[in-house]
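# Architecture at a glance
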Amino acid sequence: MSRKLGYTIVVLLLIVAGVSIGVNIVNSQTTPVTTTEMSRFLMDTLVDIRAVGIDSELAAENAFAEMERIEQKFSRHLPESEIAKINSAAGDWVTVSKESLDLISTAIKYGEISSGAFDITLGGVIDLWGFTTPNKQVPAPEVITKALESVNYAAIEVDYKQSQIRIPTTTILDLGGIAKGYAIDRGAAVLREHGIKHAMVYAGGDIVLIGNKQDGSQWRVGLQHPRESDLVAVVPVTDRSIVTSGDYQRYFMQDDVRYHHILDPQTGFPATGLASVTIVARSAVDADSLSTAVFVLGIEKGLALVESLEHVEAVLITADGSIYVSSGLQESFQEL
Ligand code: AMP
Ligand code: MG
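Here's what I pulled together on the structure shown here. In this text, all values refer to a predicted model and were calculated from it rather than measured experimentally. (Residues numbered from 1 in each chain as written. Chains lettered and ligands numbered in written order. Predicted model: local features only at pLDDT ≥ 70, side-chain atom pairs only at ≥ 80, totals over all residues. Heavy atoms only, no water.)

### Focus: the coordination of the magnesium ion (ligand 2)
- Within the protein, the atoms that donate to the magnesium ion (ligand 2) are G177 (O), D288 (O), D288 (OD) and T292 (OG1), at distances of 2.1 to 2.6 Å.
- One chain supplies every donor for the magnesium ion (ligand 2), spaced along it as G-x110-D-x3-T. Residue G177 is located in the loop between β8 (164-166) and α6 (179-193), and its partner T292 is located in helix α7 (residues 284-308); the two are separated by 115 residues in the primary sequence.
- Look at G177 and you get buried, because its relative accessible area is 15%.
- By relative accessible area, which is 15% here, T292 ends up buried. (Donors = N, O, S within 2.8 Å, 3.2 Å for Na, K, Ca; no water. Helix = DSSP H or I, 4+ residues; strand = E, 2+ residues; numbered from the N terminus. Buried < 20%, exposed > 50% of the residue type's maximum accessible area, 1.4 Å probe, protein only.)

See below:
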């Protein structure tokens, strides 16, 4: 079931509204409950933590340290990362940590449930487009066709007994569609370990919200007009992750065509049909993989996938400006 709203929207951004800051409360044991706000540049984006609790500053510092650790491990552009090691030894078994086995297995699972719309073996095709470089370009179709031969998540071999991974010789892993979600899940886990009950971890389009706001009311996540500054809707959430994939996050224009960074593994070209997908889920690693997957699948198949999964909701915005909301969000979704 989906509800179509008649907006003319092309891009979507997320803004978390109503975050209380600078509060200092003294509890009955006179232990100070503080609100900490910290930002760091990580994973190619500005990451914000806002946390309320005793020792919130230390909690935030440790959460950033954890997210930095994850970036070091999963960015394929850092030569010491486990992903870079798997890529450079393609064709051979590579011993990796259980954490890498788990994240790659999760990515393969999302490859399966999305019928290949989500595929972490797209690295070679992504490189052709140069989205992360100054040399962004539309590759020649035959070059894309050739690179697509090395794209197949099902060809990744995971051996839990030996703690090893092997990919085909010409395959390049790229965890850009899932690692940021995993990182902020881990950052939020560290905050929870410090007893934090109210917090937000925000990394570009990826957000984890812990509990409710400090005053007990729900977090209200604003969905912004994609190419303008107006909010178009609000999604109230408690203890959830909310992640957006959009065609405005990384793109270039050529001959009036927008070429963006979410690729359809069937064509090697940017997925068409949607301008943004926002997923609400229990973990950001799920929401992150699914936002990318649903973007590629498009309205019909994407919504069907969302409806088939428990504790997963979505807001889809099409290029022609319509909004589609999954059934579980219809009550709470607030059009502005
Ligand atoms: P996201 O912003 O989460 O949608 O992730 C986009 C990033 O994931 C891109 O910058 C690529 O690194 C990678 N990517 C692009 N297309 C796909 C896809 N179909 N499946 C998995 N990862 C992808
Ligand atoms: Mg994603």
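### Details of the pattern of salt bridges
- On inspection of all chains with the given rule, the structure shows 16 salt bridges.
- K180 is paired through a salt bridge with D206; the nearest N and O atoms lie 4.0 Å apart. With a gap of 26 residues between them, K180 in helix α6 and D206 in strand β10 (residues 206-210) connect regions that are remote in the sequence.
- The class of K180 is partly exposed, set by a relative accessible area of 21%.
- Salt bridges here are not isolated pairs; linked through shared partners, they connect E66, R69, K73, E99 and R186. (Salt bridge = Lys/Arg side-chain N within 4 Å of Asp/Glu carboxyl O.)

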